[in-house]
Amino acid sequence: MPDITIRDANHGDVPALLRLLGQLDPPAEAPDEPAARAALDAIARHPGMRLVVAETDGEVVGSVVLAVLPNLTHHAQPWAQLENLIVDEAYRGQGVGRALTQWCEATARAEGCYKLQFQSRNHRKASHRFYRRLGYQALTVGFRRYLTGTLPPPPV
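Here the structure is a predicted model, which is why all the values come from computation and not from measurement. (Residues numbered from 1 in each chain as written. Predicted model: local features only at pLDDT ≥ 70, side-chain atom pairs only at ≥ 80, totals over all residues. Heavy atoms only, no water.)

J.: How do you make sense of unusual backbone geometry when you look at a structure like this?
T.: It is generally the case that most residues other than glycine have a negative phi and that most peptide bonds are trans. If you check the backbone angles, Asp 57 has positive phi at about 50 degrees while not being a glycine. Among the secondary structure elements, Asp 57 is positioned in the loop between strand 2 (49-56) and strand 3 (59-69). One non-glycine residue, Ala 76, lies in the positive phi region at around 60 degrees. Tracing the sequence through the fold places Ala 76 in helix 3 (residues 73-76). For Ala 76, a relative accessible area of 44% gives the class partly exposed. (Helix = DSSP H or I, 4+ residues; strand = E, 2+ residues; numbered from the N terminus. Buried < 20%, exposed > 50% of the residue type's maximum accessible area, 1.4 Å probe, protein only.)

Okay, structure coming up:
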């Protein structure tokens, strides 16, 4: 397993982040560099949100967004949402996804969250096996409506 450093993303990471997004979604859905920089700035300004990258040997090989959200239920304990966990295809199976997920868990616990949740598209069977190996359970049914009028492409 390579040495993995997890740190907050910055503008210098935008090309690597766009490369990773191209592995998660069709390239046509990735933003251009100016839009990505603006989104990175917005995430940094938004309370409770972080976009971090995983680095090994100075190369960005993974990323994840974590949002910590206030809550009224569960004794007003916040909860956390993990989004867009991406590991470079060349580094999958080497502990990068596990390190990013563990960072999310530790951060959520430090913020007093009562749960950490995420969604994964139905066709991502390998991702589902990965999450189960980490101890996550598919306990709920998720529903979604895309508000842009454009549905994501069907799985390949």
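J.: Which parts of the structure should I look at to understand the environment of Gln 77?
T.: Among the secondary structure elements, Gln 77 is positioned in the loop between helix 3 and strand 4 (79-87). Assessed through its relative accessible area of 31%, Gln 77 is described here as partly exposed. Setting aside residues up to four positions removed in sequence, Gln 77 forms contacts with Asn 71, Gly 112 and Tyr 114. (Contact = heavy atoms within 4.5 Å.)

J.: Can you walk me through the packing of aromatic side chains in this structure?
T.: Each aromatic ring pair is characterised by the separation of its centres together with the angle its planes make. Across all of its chains, the model carries three aromatic pairs by this definition. With centroids separated by 4.2 Å and ring planes inclined at 45 degrees, the aromatic side chains of Phe 118 and Tyr 131 adopt a geometry described as tilted. Of this pair, Phe 118 sits in the loop between strand 5 (116-117) and helix 5 (125-133) while Tyr 131 sits in helix 5, and the two are 13 residues apart along the sequence. On the basis of relative accessible area, Tyr 131 is assigned to the buried category, the value being 11%. Pairing Phe 118 with Tyr 136 gives two aromatic rings, centres 5.1 Å apart and planes at 70 degrees, and the pair type is edge-to-face. In this pair, Phe 118 sits in the loop between strand 5 and helix 5 while Tyr 136 sits in the segment after helix 5, placing the two residues 18 residues apart along the sequence. Across the pair, exposure class does not vary: Phe 118 and Tyr 136 are buried alike. Among the aromatic residues, those joined into a cluster by ring pairs are Phe 118, Tyr 131 and Tyr 136. A cation over a ring is seen here: Lys 115 above Trp 79, with NZ or CZ 5.4 Å from the ring centre. (Phe/Tyr/Trp six-rings, centres within 6.5 Å; stacked < 30°, edge-to-face > 60°. Lys NZ or Arg CZ within 6 Å of the ring centre and 35° of its normal.)

J.: Quick question: what am I supposed to make of the pairing of strand 4 here?
T.: Within a regular strand, the side chains alternate between the two sheet faces. Sheet topology note: the strand 3/strand 4 ladder contains seven bridges and is antiparallel. The partner of Ala 67 across the bridge, within strand 4, is Gln 81. Relative to strand 5, strand 4 is paired through two bridges, and the arrangement is parallel. Counted as the bridge partner of Ala 80 is Leu 116 from strand 5. The parallel pair strand 4 and strand 5, bridged by helix 4 (residues 96-110), forms a crossover whose chirality is right-handed. (Pairing = 2+ DSSP bridges. Right-handed = clockwise from strand over helix to strand, strands pointing away.)

J.: I would appreciate a short explanation of the pattern of salt bridges in the present structure.
T.: Any two side chains of opposite charge can pair, given that their charged atoms come close. On inspection of all chains with the given rule, the structure shows five salt bridges. The partner of Asp 8 in a salt bridge is Arg 50, and the shortest N-O contact between them spans 2.9 Å. Separated by 42 residues along the polypeptide, Asp 8 in strand 1 (residues 5-8) and Arg 50 in strand 2 bring together distant segments of the chain. A relative accessible area of 38% places Asp 8 in the partly exposed class. Across the pair Arg 19 and Asp 88 runs a salt bridge, and its minimum N-O distance is 2.3 Å. With Arg 19 in helix 1 (residues 14-24) and Asp 88 in the loop between strand 4 and helix 4, the pair connects residues that are 69 residues apart, well separated along the chain. Taken together, the salt bridges that share partners define one network made up of Arg 7, Asp 13 and Glu 55. (Salt bridge = Lys/Arg side-chain N within 4 Å of Asp/Glu carboxyl O.)

So far we have only geometry, and geometry alone does not tell us how the molecule works.
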